[in-house]
Amino acid sequence: MNIFESVLMAFGSIREHKLRSFLILLSISIGVFAIFGAGTFVTAIDNTVQNEMSALGDNTFQIKRMPSIQMGRMSRRKYWRRPRINFKQVEELKQRVNLTPFISTSAEGGGEIIKSRYISSDPNVSLVGADDIYFVNYNYDLQDGRAISSADIEYKRNVAVVGTDVIKKIFPNLNVIGETITIKNQQFEIIGILKEKGAVLGNSQDNQVIIPINLYLKYYADWRLSLNVTIKASDKVNLDKTIDQTIGAMRIIRNLKPWEDNDFELETNDTISEQFSGLTSFLTVFGMLIGIFTLVAAGIGITNIMLITVKERTKEIGLRMAVGAKRKWILLQFIIETITICQVGGVIGILIGLLVVWIATIFTGMTLIIPIDWISISIIIATVLGLVSGFYPAYKASKLDPIEALRYE
Amino acid sequence: MESKTVIDIENISKIYEMGTQQVFALRDVSLKIGENEYVALMGPSGSGKSTLMNILGCLDTPTDGKYLFKDENVKEMTDNDLAEIRNREIGFVFQTFNLLPRANAVKNVELPLVYSGMSPSKREELAEQTLINVGLGDRMDHKPNELSGGQRQRVAIARALVTNPAIILADEPTGNLDTKTGDEIMILFNKLWQNGNTIILVTHEEEVAMHAKRIIRMRDGLIESDTENPHFKVK
Ligand SMILES: Nc1ncnc2c1ncn2[C@@H]1O[C@H](COP(=O)(O)OP(=O)(O)OP(=O)(O)O)[C@@H](O)[C@H]1O
Ligand SMILES: [Mg+2]
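What you are looking at is a predicted structure, and each value in this text was computed from that prediction instead of being measured. (Residues numbered from 1 in each chain as written. Chains lettered and ligands numbered in written order. Predicted model: local features only at pLDDT ≥ 70, side-chain atom pairs only at ≥ 80, totals over all residues. Heavy atoms only, no water.)

This next bit is on empty space enclosed by the protein. Inspection of every chain in the model, using the stated rule, returns 1 cavity of 30 Å³ or more. By volume, the largest cavity is sized at about 80 Å³. Forming the boundary of the largest cavity are Ala-322 and Val-323 of chain A together with Arg-86, Asn-87, Ile-90, Gly-91, Phe-92, Phe-94, Pro-112, Arg-159, Ala-160 and Thr-163 of chain B. With 3 residues, the top contributor of residues to the lining of the largest cavity is strand 6 (residues 90–93) of chain B. Partitioned by chemical class, the residues of the lining of the largest cavity number 7 nonpolar, 3 polar and 2 charged. (1 Å grid on protein atoms, 1.4 Å probe; cavity = no way out; pocket = protein on both sides within 12 Å on 5 of 7 lines; lining within 4 Å. Points joined across faces, edges and corners; volume = space filled by probe spheres on them. Helix = DSSP H or I, 4+ residues; strand = E, 2+ residues; numbered from the N terminus. Nonpolar A, V, L, I, M, F, W, Y, C, P; charged D, E, K, R; others polar.)

What follows is the structure, encoded as structure tokens:
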């Protein structure tokens, strides 16, 4: 009588008691799915955020009106009272910060319809207003043509740099330099094509049109718009100094008294990842809580189902004892049976979880990573659950009186 | 009787406490059974036959008295020791067969060997051989519900035999069978006895008891008589 045989016996018993097995499998797999799904999803988000930040670059930071991620109602109120960042303030900031020339500004709108002389796009193209430095700060490469220059801004030229997704939708081929596109009755000449980048957190970077920031403000923005400023320090050593200088400059521009808080947000890679870790740890805790709750419920359910099983199989237990099964073997048999069912349930939960995460990654454009650590954690959880919830029924089975058990009908 | 003593009980009693009342299932029973004996245990319902069988089979322990199984004191044994004795030395045959309903004949016969630590392949071989010996060579893969009552009891007997135990204990093995099938089972027991097995069986029916060599009659927890069967004949 070895473990392998007990496991085989357990599988036999799983097949023989289909309803019981189904109920246990269901509850376990839901619990494991919650934990595994949350864990894997968080890992996927983390990974995506890492990718996005490395695109931004280490020495880069941003000045914005509000943080990228906000949680809680209280903080939202505080942020809404902050003044907006307008073009004049950005101009002044560029004057005052002299530690780096790489100060860019941009603004982004929701979905726009882009028209060519052939056809119109869906209203989902993101329209970005940017200056020349923006292309440097975000490491945008062009696969054709040129980027927006300072002269384009100075002379308010109607020019546009376009992502490949947009072009594919409204032009028959990628040969579009010099072509004209129309955005809300304004015409722009295509001067460059962005190199294909793929998607980050569900936004395709290739589905955008970049035009000079001043034209963007003139035609497409209203008073509610607040600009984003991206600043790239000349190197790692200068980053802190540049940040200090920028904060000082912004406070002067904003006329803040020494005792007043900053009324703008400064984000570096670190602060963004901090914000994300707030979100991800919230998701983790949330998934864990749901998972633990279902697993505790599942555990209680399993204990009850196994108690019924022991009762139903009283005669069998009596017989096994009569032909020489020691009590510890009866104990082991039922524990292994419970653990085996739980592990099968765990595997099903993991498979469902993988499926859901896989679908989610397709829709959000994140990269799917098979989370080995979450798979092992889930298996361990299922095993421990089987052990804990199977112990009492197994103990009861092992303590049966063989004669009483044999006589049981 | 020169044969070696297998079972030796002295002044065994079994008392059940039912609330304030005491039920004497066995009172001061003494008995010796040697190797290769063939004993029928008779008596009215409630006379203590099953109780005695369970004690002899180490499934139950007496309230009082001494039990030597192959010269070993059963009273001093732990639960595990008793399980091992049941596994190696005793083969039970029950009135209601007690087969595992979802396992086929071979798997049912293998069951005691599972707990004796024999390898699966050896187990299967031995179980199949034993099934052939009880005349079920062509029913190996049948599940209990695919077998007749007599065939089921044969499977149960094969299961009792497969460990080559010192004694076979059968509590009303023909109780659930018609007369003809019961006779066939009794012929099988007779064959086993001739092959050297020790057999103790409980029965209500005189005809069944007539197959045995020695007949013990019980009443109210006492042995009333213990005689050689004058009508015994080797078949
Ligand atoms: N677990 C128990 N609790 C209380 N009394 C019991 C118990 N088991 C047996 N008895 C009593 O012990 C006595 C002997 O019972 P036993 O089962 O040995 O009789 P039996 O001779 O096998 O009867 P039958 O021929 O009907 O099977 C009976 O009076 C019975 O009521
Ligand atoms: Mg009885």
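So, on to the packing of helix 3 (residues 105–114) of chain B against helix 4 (residues 120–133) of chain B. All names here are of chain B. Helix 4 packs onto helix 3 with a crossing angle of 120 degrees between their chain directions and a minimal axis gap of 9 Å. In this view, helix 3 runs oblique relative to helix 4, as classed from their interaxial angle. Note on packing geometry: the crossing formed by helix 3 with helix 4 is right-handed. Touching Ala-105, Val-106, Val-109, Glu-110, Leu-113 and Val-114 of helix 3 are Arg-123, Glu-124, Leu-126, Ala-127, Glu-128 and Leu-131, all from helix 4. Split by residue class, the contact of helix 3 with helix 4 holds 8 nonpolar, no polar and 4 charged. (Axes fitted to C-alpha atoms, helices over the stretch in contact; angles between N-to-C directions. Parallel < 35°, antiparallel > 145°, perpendicular 65-115°, else oblique. Left-handed = near helix turned anticlockwise from the far one by under 90°. Contact = heavy atoms within 4.5 Å.)

This part is about helix 6 (residues 179–194) of chain B. Under the 1.5 Å per step criterion, the end-to-end length of helix 6 of chain B is 22 Å for 16 residues, consistent within 8% with the ideal 22 Å. The opening residue of helix 6 of chain B is Asp-178 of chain B, an N-cap whose side-chain oxygen sits 3.2 Å from the backbone nitrogen of Lys-180 of chain B. (Expected span 1.5 Å × (residues − 1). Polar contact = N/O pair within 3.5 Å; in protein donor to acceptor, adjacent residues only side chain to side chain.)

Applying the stated criterion across every chain, the model contains 30 salt bridges over all chains. Residue Arg-157 of chain A is joined to Asp-152 of chain A by a salt bridge in which the shortest nitrogen-to-oxygen separation is 2.8 Å. Accessibility expressed as a relative area gives 34% for Arg-157 of chain A, which makes it partly exposed. For Asp-138 of chain B, the salt bridge identified is with Arg-139 of chain B, shortest N-O distance 3.2 Å. (Salt bridge = Lys/Arg side-chain N within 4 Å of Asp/Glu carboxyl O. Buried < 20%, exposed > 50% of the residue type's maximum accessible area, 1.4 Å probe, protein only.)

With that settled, the discussion passes to the packing of aromatic side chains. Geometry of an aromatic ring pair is reported as the spacing of the ring centres plus the angle between the planes. Residue and element names in this part refer to chain A. According to the stated counting rule, one finds 16 aromatic pairs over all chains in the structure shown. For the ring pair Tyr-138 and Tyr-140, a centre distance of 6.4 Å and an interplane angle of 25 degrees mean the geometry is stacked. As far as the burial class goes, Tyr-138 and Tyr-140 line up, both buried. Centroid distance Tyr-219 to Tyr-220: 6.1 Å. Interplanar angle 70 degrees. Geometry classified as edge-to-face. (Phe/Tyr/Trp six-rings, centres within 6.5 Å; stacked < 30°, edge-to-face > 60°.)

All names here are of chain B. An order of 2-1-4-5 is seen for the 4 strands of this open sheet, with the pairing classed as antiparallel. Strand pairing shows two members of the sheet lacking a second neighbour, strand 2 (21–34) and strand 5 (72–73), which therefore form its edges. Here strand 1 (residues 5–18) runs beside strand 4 (residues 64–69); their pairing, made up of 5 bridges, is antiparallel. The partner of Ser-13 across the bridge, within strand 4, is Asp-64. Strands strand 1, strand 2 and strand 4 of the sheet are contacted by helix 1 (residues 49–56), whose axis makes an angle of about 125 degrees with strand 1. (Pairing = 2+ DSSP bridges.)

Bringing the site of ligand 1 into the picture now. Around ligand 1, 15 residues are found, and the nearest of them are Ser-45, Gly-46, Lys-49, Ser-50 and Thr-51 of chain B. Surrounding ligand 1 are residues belonging to chains A and B, so the site spans chains. Bound to the protein, ligand 1 loses 71% of the 630 Å² it would expose on its own. When contributions to the shell around ligand 1 are tallied by element, the ones reaching two or more residues are helix 14 (402–407) of chain A together with strand 1 and helix 1 of chain B. No other element matches the 3 residues that helix 1 of chain B contributes to the shell around ligand 1. Looking at the shell around ligand 1 residue by residue, the class counts come to 4 nonpolar, 7 polar and 4 charged. (Near = heavy atom within 4 Å. Areas by Shrake-Rupley, 256 points an atom, 1.4 Å probe, with all protein chains shown as cover.)

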